[in-house]
Amino acid sequence: MYLKSFTISLIAILVGIASFFVFTVEAQDEPVTAEDYLNQGIVDYADGEYDVALIAFTMAVNLDPDLVEAYYHRGNVLIDLGEYEAAIADFDKVIEMDSKYTYIYFSRGLAYYGLEEYERAIADYSLAIELDPDESHNYLNRGNVYTDLGEYQLAIADYEYAIRLNPEYTNAFFNRGGVFQYLGEYDLALADYDRAIELNSEDPNMYFQRANVYATVGKFELAIADFDKAIELTPENATLYSNRGNVYADMGKIDRAFEDFDTAIELDPQYSFAYYNRGVTLSDLGEDRLALREFAVAIKLDPEFPKAYVNRGVTYSRLGEPEKAKSDFDTAIELDSNYANAYLYRGIVYLYDYQDCESARDDFDTFLELEPDFSQSEAIQDELERLCPA
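What comes next is a walk through the structure. This structure is a prediction, so every number in the text was calculated from the model and none was measured.

With respect to the nonpolar core
- Membership of the largest hydrophobic core comes to 113 residues, with the highest contact counts inside it found for A60, F91, V94, I104, F364 and F367.
- The contact partners of F91, leaving out residues within four places of it in the chain, are Y72, G75, N76, I79, I104, S107, R108 and A111.

Here you go:
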C-alpha cells in the first residue's frame, strides 16, 4: 500500500512539473510539442537518465493525453525505477487506446514479474507471443517466470523455442543451463554454458556458473580455471573468491582455501557466505570451536540463513551440546520448512540425545518425504526399529 500511494504522489508531482515547464516554454513562445518531449525522453532514457526521461514523458502526456508512445515509454522508465504499479497503470492506458500495440504485453509482463504476480506475467507474455510469435524475448521471459514457479519443463520448452528463433541468444542458453543445473542434468548444463561462453566470453557470470557445475561433478581443476577467469573479469567480486575457496578446500588445498575466504571478507566484510564457508572448512578439519565463531558471525550478518543454523547445530551436537543443536535446527526449520537436512539432524538429536522416539520418527519421516531418493533411507528405518521397537 505504501508503494502504491508513493507512486501516485510521484506521478502527481511529475504532472505538476510538466505543467510548470510547459507554461514556461509557452511564455517564451518556444515551439515545443508533445512529440519533442517524447523524443527527448527516448534520448534521455537511452543515456540512463531515468528521472529526466520520466519528466519528459510526463510532459508529453500532459500536452497530448492521447500520445500512446509516451505512456508506453514512461511505463518502461517506471519499471527501471522499480515503480511497477505506476508502470502497469501506464501500460493499461496504452492497451485501452490500442490493444495491439507492439511490445505492450511484454512490458506489462515485466512489471507483473517485478511485483511477483507470476500468473499475470505469464498471461501477458502469452498475449505477447500471440501478437508476435517470432519474437524470442517473449519466450525467454515467460521461461524465466516458469523457472521461478518451479515449472521447469515448461521453462525448458520456452528457452528451446527462443533458441530456435535466435540460435545466438546467449541468455536463452545461459538460463536453460541454469534449469538443467538445478535438475541435476549436469552434462546438459555444461553444454549450454559452453555455448553461452562461446557467444559472450566476457561475462563473468557464465564462468561462475560453469565453475559451480564443474565443482559439483568433481572436475576441480576445470572449476578453478573458470573461477580464475571470472575473477580476472571482476576482481572485486567476493562471491568468486569464496566459492573458489570451497573448491580449494575440496581439493585439500586448505591454505589456498583460507586465502580465498580471507580475500572475500576483505572485499566485503558483510558477506555472510564467506564466514559460513570458512566455518564449514574449519568444521571439516575438526576445529569445531573456531567453526562456531564463524557460523555465529554469518548468522549475525544474516539472521535468516538456514544453512548456517544447521551447520552450527551439527557442530554443537558433535561437541555434546544437544539443546543448542536442537535450537538451531528448530530455527532453520522455522526459516525454511522444506529444508530436509534440518529434520534429519534434529531427528538424530531426538533419537540419541533425548531418546524421544516419536519426535525422531516424525522428523525422519518428514526428511524422507522431502528426500524420497535418499540412499540411506533403509538404514534410518533399521536404526529406528533397533532403538525404538514397536
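Quick notes on the pattern of salt bridges
- One pass over the full model with this rule turns up 25 salt bridges.
- Note that D288 is salt-bridged to R318, the shortest N-O span being 2.7 Å. Taken together, the positions of D288 in helix α17 (residues 288-301) and R318 in helix α18 (residues 306-318) put the pair 30 residues apart, joining distant regions of the chain.
- D288 sits in the buried class, given a relative accessible area of 10%.
- On the basis of relative accessibility, which here comes to 47%, the residue R318 falls in the partly exposed class.
- Within this structure, K326, D330, R346 and D363 form a network of salt bridges that share partners.

Section: the state of the cysteines
- This model, assessed by the stated rule, comprises one disulfide.
- The disulfide that involves C357 links it to C388, with 2.0 Å between the sulfurs. When the S-S torsion is -80 degrees, as for the bridge of C357 with C388, the disulfide is left-handed. Here the residue C357 occupies a position in helix α21 (residues 357-370), and C388 occupies one in the segment after α22 (377-387), the gap between them amounting to 31 residues.
- Relative accessible area serves as the criterion here: at 26%, C357 is assigned to the partly exposed category.

A closer look at the layout of surface pockets
- Approximately 650 Å³ is the volume found for the largest pocket.
- N243, N246, D250, N277 and K307 are, among the 20 residues lining the largest pocket, the residues nearest its centre.
- Going through the elements one at a time, α12 (204-216), α14 (238-250) and α16 (272-284) are the ones with two or more residues in the lining of the largest pocket.
- With six residues, the top contributor of residues to the lining of the largest pocket is α16.
- Here the residues of the lining of the largest pocket sort into 10 nonpolar, seven polar and three charged.
- One number sums up the size of the second largest pocket: a volume of about 230 Å³.
- If you trace the second largest pocket, you find it lined by K307, V310, N311, V314, Y339, A340, N341, Y345 and E371.
- The set of elements that each furnish at least two residues to the lining of the second largest pocket consists of α18 and α20 (340-352).
- The biggest single contributor to the lining of the second largest pocket is α18, with four residues.
- Its residues assigned to classes, the lining of the second largest pocket comprises five nonpolar, two polar and two charged.

Points about the environment of K307
- Secondary-structure assignment places K307 in helix α18.
- Overall, the relative accessible area of 43% leaves K307 in the partly exposed class.
- Residues K307 and E185, spaced 122 residues apart in sequence, show a C-alpha to C-alpha distance of 24 Å.
- Those residues in contact with K307 that lie beyond four places of it in its chain are Y276 and Y339.

Focus on the packing of helix α15 (residues 254-267) against α16
- One way to put it is that α15 packs onto α16 with a least axis distance of 9 Å and a crossing angle of 160 degrees. Taken together, α15 and α16 sit at an angle that is classed as roughly antiparallel. Helix-helix and strand crossings are classified by hand; for α15 and α16 the assignment is left-handed. Between α15, through I254, F258, F261, D262, A264 and I265, and α16, the contact on the second element is made entirely by A274, Y275, N277, R278, T281 and L282.
- A breakdown of the residues in the contact of α15 with α16 according to their chemical character gives eight nonpolar, two polar and two charged.

Here's the deal with unusual backbone geometry
- With phi around 60 degrees, E116 is a residue other than glycine that occupies positive phi space.
- Mapped onto the elements of the fold, E116 is located in the loop between α6 (104-114) and α7 (118-131).
- With phi around 50 degrees, Q355 is a residue other than glycine that occupies positive phi space.
- Tracing the backbone through its elements, the reader meets Q355 in the loop between α20 and α21.

Thresholds, definitions, all that
Residues numbered from 1 in each chain as written. Predicted model: local features only at pLDDT ≥ 70, side-chain atom pairs only at ≥ 80, totals over all residues. Heavy atoms only, no water. Core = buried A, V, L, I, M, F, W, Y, C linked by side-chain atoms within 4.5 Å. Buried < 20%, exposed > 50% of the residue type's maximum accessible area, 1.4 Å probe, protein only. Contact = heavy atoms within 4.5 Å. Salt bridge = Lys/Arg side-chain N within 4 Å of Asp/Glu carboxyl O. Helix = DSSP H or I, 4+ residues; strand = E, 2+ residues; numbered from the N terminus. Disulfide = S-S within 2.5 Å. 1 Å grid on protein atoms, 1.4 Å probe; cavity = no way out; pocket = protein on both sides within 12 Å on 5 of 7 lines; lining within 4 Å. Points joined across faces, edges and corners; volume = space filled by probe spheres on them. Nonpolar A, V, L, I, M, F, W, Y, C, P; charged D, E, K, R; others polar. Axes fitted to C-alpha atoms, helices over the stretch in contact; angles between N-to-C directions. Parallel < 35°, antiparallel > 145°, perpendicular 65-115°, else oblique. Left-handed = near helix turned anticlockwise from the far one by under 90°.

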